[in-house]
Amino acid sequence: MTTPAESSLLEPIIDDLASQGWSHQRLVLSAELTAALAAECRARAAAGSLAAASVGRGEGQQVREGIRGDRIHWLEPGQSAASDAYLALMDALRQQLNRELYLGLEDFECHFALYPPGAFYQKHLDRFRDNDRRAVSVVAYLNADWQPEQGGALRLHLADGEHDVQPEGGSLVVFLSAELPHEVLPASRERLSLAGWFRRRGSGSI
Ligand code: OGA
Ligand code: MN
(Lines give C-alpha, C1' and ligand atoms only; values in the text may rest on other atoms or scores of the structure.)
(Ligands and ions follow the chains in the order given, each with its own letter.)
Protein backbone atom coordinates (compact mmCIF):
# COMPACT_ATOMS: atom_id res chain seq x y z
CA MET A 1 0.00 0.00 0.00
CA THR A 2 1.57 3.28 -1.05
CA THR A 3 1.45 6.24 1.29
CA PRO A 4 1.52 9.78 -0.11
CA ALA A 5 3.36 10.92 3.00
CA GLU A 6 5.58 13.49 1.36
CA SER A 7 5.89 16.46 3.64
CA SER A 8 5.07 18.77 0.71
CA LEU A 9 1.50 17.40 0.80
CA LEU A 10 1.12 18.11 4.49
CA GLU A 11 2.76 21.55 4.48
CA PRO A 12 -0.39 23.50 3.41
CA ILE A 13 -2.25 21.94 6.33
CA ILE A 14 0.35 23.30 8.76
CA ASP A 15 0.15 26.76 7.17
CA ASP A 16 -3.68 26.85 7.27
CA LEU A 17 -3.85 25.64 10.88
CA ALA A 18 -1.40 28.30 11.96
CA SER A 19 -3.21 31.12 10.13
CA GLN A 20 -6.91 30.19 10.51
CA GLY A 21 -7.27 27.13 12.74
CA TRP A 22 -8.58 24.79 10.04
CA SER A 23 -7.64 23.34 6.66
CA HIS A 24 -9.39 21.52 3.82
CA GLN A 25 -7.21 19.66 1.33
CA ARG A 26 -8.39 17.60 -1.61
CA LEU A 27 -6.55 14.58 -3.04
CA VAL A 28 -4.43 13.88 0.02
CA LEU A 29 -5.08 10.13 0.03
CA SER A 30 -4.31 8.24 -3.18
CA ALA A 31 -7.27 6.76 -5.07
CA GLU A 32 -5.88 3.32 -4.24
CA LEU A 33 -5.68 3.96 -0.49
CA THR A 34 -9.11 5.65 -0.44
CA ALA A 35 -10.70 2.67 -2.21
CA ALA A 36 -8.99 0.16 0.11
CA LEU A 37 -10.15 2.04 3.23
CA ALA A 38 -13.71 2.33 1.88
CA ALA A 39 -13.75 -1.39 1.09
CA GLU A 40 -12.52 -2.20 4.60
CA CYS A 41 -15.18 0.00 6.19
CA ARG A 42 -17.94 -1.62 4.08
CA ALA A 43 -16.64 -5.13 4.83
CA ARG A 44 -16.69 -4.40 8.55
CA ALA A 45 -20.22 -3.03 8.24
CA ALA A 46 -21.34 -6.15 6.31
CA ALA A 47 -19.78 -8.35 9.01
CA GLY A 48 -21.79 -6.51 11.65
CA SER A 49 -18.70 -5.15 13.38
CA LEU A 50 -19.63 -1.45 13.39
CA ALA A 51 -21.16 -0.19 16.64
CA ALA A 52 -23.62 2.65 17.12
CA ALA A 53 -21.60 5.73 18.05
CA SER A 54 -22.17 7.27 21.45
CA VAL A 55 -21.90 10.75 22.89
CA GLY A 56 -20.30 11.74 26.20
CA ARG A 57 -17.71 9.89 28.26
CA GLY A 58 -17.60 7.51 31.20
CA GLU A 59 -20.91 7.14 33.01
CA GLY A 60 -22.44 9.87 30.86
CA GLN A 61 -21.78 7.92 27.65
CA GLN A 62 -24.89 6.97 25.68
CA VAL A 63 -26.16 6.22 22.17
CA ARG A 64 -28.40 9.06 21.00
CA GLU A 65 -29.35 8.91 17.34
CA GLY A 66 -31.05 12.29 17.68
CA ILE A 67 -27.54 13.72 18.16
CA ARG A 68 -25.43 11.41 15.99
CA GLY A 69 -26.49 8.50 13.79
CA ASP A 70 -23.18 7.10 12.56
CA ARG A 71 -21.82 3.62 13.16
CA ILE A 72 -18.13 3.28 13.96
CA HIS A 73 -15.10 1.03 14.26
CA TRP A 74 -11.92 2.15 16.08
CA LEU A 75 -8.66 1.51 14.18
CA GLU A 76 -6.03 -0.68 15.79
CA PRO A 77 -2.46 -0.88 14.45
CA GLY A 78 -2.00 -4.07 12.40
CA GLN A 79 -5.67 -4.57 11.51
CA SER A 80 -5.04 -4.10 7.75
CA ALA A 81 -2.46 -2.74 5.31
CA ALA A 82 -4.76 0.14 4.38
CA SER A 83 -5.39 1.17 7.99
CA ASP A 84 -1.67 0.97 8.74
CA ALA A 85 -0.89 3.17 5.74
CA TYR A 86 -3.40 5.74 6.99
CA LEU A 87 -2.01 5.62 10.54
CA ALA A 88 1.52 6.07 9.12
CA LEU A 89 0.38 9.15 7.20
CA MET A 90 -1.25 10.55 10.33
CA ASP A 91 1.92 9.97 12.30
CA ALA A 92 3.87 11.93 9.69
CA LEU A 93 1.35 14.76 10.08
CA ARG A 94 1.57 14.57 13.88
CA GLN A 95 5.36 14.87 13.80
CA GLN A 96 5.23 17.76 11.36
CA LEU A 97 2.65 19.60 13.52
CA ASN A 98 4.89 19.14 16.54
CA ARG A 99 8.01 20.24 14.68
CA GLU A 100 6.51 23.35 13.11
CA LEU A 101 3.76 24.43 15.53
CA TYR A 102 5.12 22.95 18.79
CA LEU A 103 1.75 21.39 19.59
CA GLY A 104 3.13 18.55 21.72
CA LEU A 105 0.77 16.00 20.16
CA GLU A 106 1.39 12.64 21.77
CA ASP A 107 -0.85 10.15 19.99
CA PHE A 108 -3.71 9.65 17.55
CA GLU A 109 -7.05 7.89 17.89
CA CYS A 110 -9.32 7.31 14.93
CA HIS A 111 -12.45 5.44 13.84
CA PHE A 112 -14.22 4.55 10.64
CA ALA A 113 -17.65 6.17 10.54
CA LEU A 114 -20.53 5.06 8.35
CA TYR A 115 -23.52 7.39 8.16
CA PRO A 116 -26.54 5.57 6.67
CA PRO A 117 -28.76 7.71 4.41
CA GLY A 118 -30.51 10.32 6.57
CA ALA A 119 -28.05 10.07 9.48
CA PHE A 120 -26.43 13.24 10.80
CA TYR A 121 -24.29 14.56 13.66
CA GLN A 122 -25.60 17.71 15.32
CA LYS A 123 -23.43 20.77 15.85
CA HIS A 124 -20.71 20.01 18.41
CA LEU A 125 -17.12 20.53 19.53
CA ASP A 126 -14.74 17.55 19.54
CA ARG A 127 -13.37 18.23 23.00
CA PHE A 128 -15.05 16.55 25.97
CA ARG A 129 -16.09 18.78 28.84
CA ASP A 130 -14.05 16.81 31.39
CA ASN A 131 -11.00 15.94 29.27
CA ASP A 132 -8.89 18.29 27.19
CA ARG A 133 -6.55 15.80 25.51
CA ARG A 134 -8.06 16.13 22.01
CA ALA A 135 -6.23 19.01 20.36
CA VAL A 136 -6.47 18.57 16.58
CA SER A 137 -9.28 16.82 14.67
CA VAL A 138 -8.73 15.14 11.30
CA VAL A 139 -11.50 13.79 9.08
CA ALA A 140 -10.68 11.86 5.89
CA TYR A 141 -13.42 11.10 3.36
CA LEU A 142 -13.81 7.82 1.50
CA ASN A 143 -16.69 8.54 -0.89
CA ALA A 144 -16.13 8.17 -4.64
CA ASP A 145 -18.02 10.57 -6.93
CA TRP A 146 -19.74 12.58 -4.21
CA GLN A 147 -22.20 15.17 -5.59
CA PRO A 148 -23.16 18.26 -3.54
CA GLU A 149 -26.87 17.58 -4.13
CA GLN A 150 -26.45 14.32 -2.20
CA GLY A 151 -26.02 16.39 0.99
CA GLY A 152 -23.72 15.06 3.70
CA ALA A 153 -21.53 18.15 3.96
CA LEU A 154 -19.38 18.80 6.99
CA ARG A 155 -20.61 22.25 8.03
CA LEU A 156 -17.96 24.31 9.80
CA HIS A 157 -19.31 27.13 11.96
CA LEU A 158 -16.51 29.66 11.50
CA ALA A 159 -16.30 33.05 13.21
CA ASP A 160 -17.25 34.72 9.93
CA GLY A 161 -20.01 32.32 8.88
CA GLU A 162 -20.71 28.77 7.76
CA HIS A 163 -18.46 26.84 5.40
CA ASP A 164 -19.56 23.52 3.89
CA VAL A 165 -17.03 20.84 2.99
CA GLN A 166 -18.10 18.06 0.62
CA PRO A 167 -17.08 14.57 1.79
CA GLU A 168 -15.18 13.79 -1.41
CA GLY A 169 -13.01 10.68 -1.48
CA GLY A 170 -9.34 11.37 -0.73
CA SER A 171 -9.92 14.74 0.90
CA LEU A 172 -8.95 15.73 4.42
CA VAL A 173 -10.24 18.32 6.90
CA VAL A 174 -8.08 19.30 9.87
CA PHE A 175 -9.09 21.72 12.65
CA LEU A 176 -8.45 22.71 16.25
CA SER A 177 -10.72 20.41 18.29
CA ALA A 178 -11.57 22.86 21.06
CA GLU A 179 -12.37 25.83 18.86
CA LEU A 180 -14.38 24.92 15.79
CA PRO A 181 -18.06 23.92 16.14
CA HIS A 182 -19.15 21.68 13.26
CA GLU A 183 -21.92 19.31 12.18
CA VAL A 184 -22.58 16.56 9.65
CA LEU A 185 -25.63 17.18 7.46
CA PRO A 186 -27.84 14.25 6.39
CA ALA A 187 -27.12 12.69 2.99
CA SER A 188 -29.21 10.76 0.50
CA ARG A 189 -26.52 8.06 0.19
CA GLU A 190 -24.23 6.19 2.55
CA ARG A 191 -21.37 8.40 3.73
CA LEU A 192 -18.00 7.02 4.85
CA SER A 193 -15.28 8.83 6.76
CA LEU A 194 -12.37 8.33 9.11
CA ALA A 195 -12.66 10.66 12.09
CA GLY A 196 -9.57 11.05 14.25
CA TRP A 197 -7.93 13.15 16.94
CA PHE A 198 -4.37 14.04 17.81
CA ARG A 199 -4.10 14.13 21.57
CA ARG A 200 -1.85 15.90 24.00
CA ARG A 201 -0.52 14.31 27.16
CA GLY A 202 -3.22 13.74 29.77
CA SER A 203 -3.62 16.42 32.41
CA GLY A 204 -4.29 13.81 35.10
CA SER A 205 -8.08 13.90 34.79
CA ILE A 206 -8.37 10.25 33.69
C1 OGA B 1 -16.96 13.56 14.43
C2 OGA B 1 -17.23 14.42 13.25
C3 OGA B 1 -17.26 14.75 10.87
C4 OGA B 1 -17.42 14.05 9.56
O5 OGA B 1 -16.93 12.32 14.28
O6 OGA B 1 -16.75 14.12 15.53
O7 OGA B 1 -17.45 15.59 13.45
O8 OGA B 1 -17.47 14.77 8.55
N9 OGA B 1 -17.19 13.90 12.00
O10 OGA B 1 -17.51 12.82 9.50
MN1 MN C 1 -16.74 16.21 15.39
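Residues numbered from 1 in each chain as written. Chains lettered and ligands numbered in written order. Predicted model: local features only at pLDDT ≥ 70, side-chain atom pairs only at ≥ 80, totals over all residues. Heavy atoms only, no water.

Let's shift gears to the pattern of salt bridges. Counting across every chain of the model gives 13 salt bridges. The salt bridge involving Arg-42 is made with Glu-190; its shortest N-O contact spans 3.3 Å. Here Glu-190 lies in the loop between strand E10 (182–184) and strand E11 (191–200) and Arg-42 lies in helix H2 (residues 31–46), a separation of 148 residues in the sequence. Under the relative-accessibility criterion, Glu-190 is labelled partly exposed at 30%. Connected through salt bridges with shared partners, the residues Glu-106, Asp-107, Glu-109, Arg-133, Arg-134, Arg-199 and Arg-201 form a single ionic network. (Salt bridge = Lys/Arg side-chain N within 4 Å of Asp/Glu carboxyl O. Helix = DSSP H or I, 4+ residues; strand = E, 2+ residues; numbered from the N terminus. Buried < 20%, exposed > 50% of the residue type's maximum accessible area, 1.4 Å probe, protein only.)

Attention now moves to the coordination of the manganese ion (ligand 2). Taken together, the protein donors to the manganese ion (ligand 2) comprise His-124 (NE2), Asp-126 (OD) and His-182 (NE2), at separations of 2.1 Å. For the manganese ion (ligand 2), the donor residues sit on a single chain with the sequence spacing H-x1-D-x55-H. (Donors = N, O, S within 2.8 Å, 3.2 Å for Na, K, Ca; no water.)

The next point concerns the site of ligand 1. Taken together, 13 residues are adjacent to ligand 1, and Asp-126, Tyr-141, His-182, Arg-191 and Ser-193 come closest. Between His-124 and ligand 1, the recorded distance is 3.2 Å, taken from a side-chain N or O atom to an oxygen atom. Interatomic distance of 2.5 Å between a side-chain N/O atom of Tyr-141 and an oxygen atom of ligand 1. Contact with the protein chains hides 98% of the accessible area of ligand 1, taken as 290 Å² for the molecule alone. If you list the elements that add at least two residues to the shell around ligand 1, you get strand E5 (121–124), strand E6 (134–141), E10 and E11. No other element matches the 4 residues that E11 contributes to the shell around ligand 1. Grouping the amino acids of the shell around ligand 1 by side-chain chemistry returns 8 nonpolar, 3 polar and 2 charged. (Near = heavy atom within 4 Å. Polar contact = N/O pair within 3.5 Å; in protein donor to acceptor, adjacent residues only side chain to side chain. Areas by Shrake-Rupley, 256 points an atom, 1.4 Å probe, with all protein chains shown as cover. Nonpolar A, V, L, I, M, F, W, Y, C, P; charged D, E, K, R; others polar.)

So, about the packing of H2 against helix H3 (residues 81–101). Angle between the axes and distance between the axes: these two values describe a pair of packed helices. Packing of H2 against H3 leaves a shortest axis separation of 9 Å and a crossing angle of 125 degrees. Taken together, the axes of H2 and H3 are oblique relative to one another. Crossing angle aside, the handedness with which H2 passes H3 is left-handed. From H2, Leu-33, Ala-36, Leu-37 and Glu-40 reach across to H3, where they touch Ala-82, Ser-83, Ala-85 and Tyr-86. (Axes fitted to C-alpha atoms, helices over the stretch in contact; angles between N-to-C directions. Parallel < 35°, antiparallel > 145°, perpendicular 65-115°, else oblique. Left-handed = near helix turned anticlockwise from the far one by under 90°. Contact = heavy atoms within 4.5 Å.)

With that settled, consider H2. Helix length check: H2, at 16 residues, gives a terminal C-alpha distance of 22 Å against a target of 22 Å (1.5 Å per residue), a fit within 8%. Residues Leu-33, Thr-34, Leu-37, Ala-38, Glu-40, Cys-41 and Arg-44 constitute the buried set of H2. Buried residues in H2, looked at end-on, bunch into an arc of 160 degrees, giving them a common side. Counted as exposed and oriented over 90 degrees from the buried face of H2: Ala-31 and Ala-46. (Expected span 1.5 Å × (residues − 1). Arc of directions from axis to C-beta.)

Next up on the list: the packing of aromatic side chains. If you walk through the whole model with that rule in mind, you get 2 aromatic pairs. Ring geometry for Phe-108 and Phe-198: centres 4.8 Å apart, planes at 40 degrees, overall tilted. Linking Phe-108 in strand E4 (residues 105–115) with Phe-198 in strand E11, this pair joins segments that are 90 residues apart in sequence. Note on accessibility: Phe-108 and Phe-198 belong to one class, buried. A cation over a ring is seen here: Arg-134 above Trp-197, with NZ or CZ 3.7 Å from the ring centre. When the ring centre of Tyr-115 is taken as origin, the NZ or CZ atom of Arg-191, which lies over that ring, is 5.0 Å away. (Phe/Tyr/Trp six-rings, centres within 6.5 Å; stacked < 30°, edge-to-face > 60°. Lys NZ or Arg CZ within 6 Å of the ring centre and 35° of its normal.)

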